[in-house]
Amino acid sequence: MEKYPFLSDEWTAEVKRMHDEVVTGPAVTTQSVRMNLVLTEAPLGDGTVDAHVDTSSGDLVVDVGHLDPVDLTVTVDYATAKAILVDGDAQAAMQAFMSGRIKIDGDLSQLLALQNAPVDPAHQELTRRIREITE
């Protein structure tokens, strides 16, 4: 299986393809949040990647670019974002937050609610597949 750098154009296209293949039922995310991400120290482009997480449709969407309006903006280094979003490493998130490597502008309660939202089986499968294709 081919691997792609996290949030590269190729990675994003493959994740969208897998999403359409795996997530075939109705949206099930109960927590609505629109969150912009600013990923620093990225090995892509100029070293910064703008991305977003959007659950306002009921589906979990992670994509490049920024949303407007948003509930909050999170600035974090690329490696930590990958550990959190791809690897599901809650410890990395806590360590980064406690050491000040994650900066939050906006409604922190939205981020905490998203962290505790249930994940349906289709999105669990999608997450497993995303881990397999991510460098």
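Just so you know, these numbers come straight off a predicted model, no measurement behind them.

Cut-off values and rules
Residues numbered from 1 in each chain as written. Predicted model: local features only at pLDDT ≥ 70, side-chain atom pairs only at ≥ 80, totals over all residues. Heavy atoms only, no water. Patch = residues over 30% accessible without salt bridge, like charges linked within 9 Å, V, L, I, M, F, W, Y side chains within 5 Å. Areas by Shrake-Rupley, 256 points an atom, 1.4 Å probe, with all protein chains shown as cover. Salt bridge = Lys/Arg side-chain N within 4 Å of Asp/Glu carboxyl O. Helix = DSSP H or I, 4+ residues; strand = E, 2+ residues; numbered from the N terminus. Buried < 20%, exposed > 50% of the residue type's maximum accessible area, 1.4 Å probe, protein only. Pairing = 2+ DSSP bridges. Axes fitted to C-alpha atoms, helices over the stretch in contact; angles between N-to-C directions. Contact = heavy atoms within 4.5 Å. Phe/Tyr/Trp six-rings, centres within 6.5 Å; stacked < 30°, edge-to-face > 60°. Core = buried A, V, L, I, M, F, W, Y, C linked by side-chain atoms within 4.5 Å. Parallel < 35°, antiparallel > 145°, perpendicular 65-115°, else oblique. Left-handed = near helix turned anticlockwise from the far one by under 90°.

Peer 1: Quick question: what am I supposed to make of a nonpolar patch on the surface here?
Peer 2: Together, Met-94, Phe-97, Met-98, Leu-108 and Leu-112 make up a nonpolar patch on the protein surface, roughly 500 Å² of accessible area in all. Going through the elements one at a time, α3 (90-98) and α4 (108-115) are the ones with two or more residues in the nonpolar patch. Among the elements that make up the nonpolar patch, the one with the highest residue count is α3 (three residues). Following the sequence through the fold, Phe-97 ends up in helix α3. Here Phe-97 falls in the partly exposed class, since its relative accessible area comes to 39%.

Peer 1: Help me out: how do you make sense of the sheet that holds strand β1 (residues 34-40) in this one?
Peer 2: Note: strands within a sheet are paired through backbone hydrogen bonds, in either parallel or antiparallel orientation. The five strands lie next to each other as β3-β2-β1-β4-β5, forming an open sheet whose pairing is mixed. The two strands at the open ends of the sheet, each matched to only one other strand, are β3 (61-64) and β5 (103-106). Each strand of the sheet is rotated relative to its neighbour by a mean of 20°, with strand direction disregarded. Pairing of β1 with strand β4 (residues 72-77) involves six bridges; the strand directions are parallel. What sits directly across from Asn-36, in β4, is Thr-73. Where helix α2 (residues 78-85) meets the sheet, it contacts β1 and β4, and its direction lies at approximately 110° from that of β4.

Peer 1: Can you help me understand the packing of aromatic side chains in this one?
Peer 2: Using the criterion set out here, one finds two aromatic pairs in the structure. Here the aromatic rings of Phe-6 and Trp-11 are separated by 5.1 Å at their centres, their planes lie at 80°, and the arrangement is edge-to-face. You'll find Phe-6 and Trp-11 in the same group, each marked buried. Ring centres 5.5 Å apart and planes at 55° place the aromatic pair Phe-6 and Tyr-78 in the tilted group. Residue Phe-6 is found in the segment before α1 (9-22), and its partner Tyr-78 is found in helix α2; the two are separated by 72 residues along the sequence. Side by side, Phe-6 and Tyr-78 carry an identical accessibility label, which is buried. An aromatic cluster of three or more residues is present, and its members are Phe-6, Trp-11 and Tyr-78.

Peer 1: What am I meant to see in the nonpolar core here?
Peer 2: In a soluble, globular protein the nonpolar side chains are often hidden away together inside. Ranked by size, the top nonpolar core spans 29 residues in total, and within it Phe-6, Leu-7, Trp-11, Met-35, Leu-37, Leu-39 and Ile-130 carry the most contacts. Within the residue set of this core, elements represented by two or more residues are α1, β1, β2 (49-54), β4, α2 and α5 (121-133). At four residues, the largest contribution of residues to this core is made by α1. If near-sequence neighbours (up to four positions away) are discounted, Leu-37 is found in contact with Val-49, Asp-50, Ala-51, His-52, Val-53, His-66, Val-74 and Leu-85.

Peer 1: Can you walk me through the packing of α1 against α5 in this structure?
Peer 2: Two numbers describe a pair of packed helices, the interaxial angle and the distance between the axes. Where α1 contacts α5, the axes come no closer than 10 Å and their chain directions differ by 150°. Taken together, the axes of α1 and α5 are roughly antiparallel relative to one another. For the pair α1 and α5, the sense of crossing is right-handed. Taken together, the residues of α5 that come into contact with α1 (itself represented by Trp-11, Glu-14, Val-15, Met-18, His-19, Glu-21 and Val-22) are Ala-122, His-123, Glu-125, Leu-126, Arg-129, Ile-130 and Ile-133.

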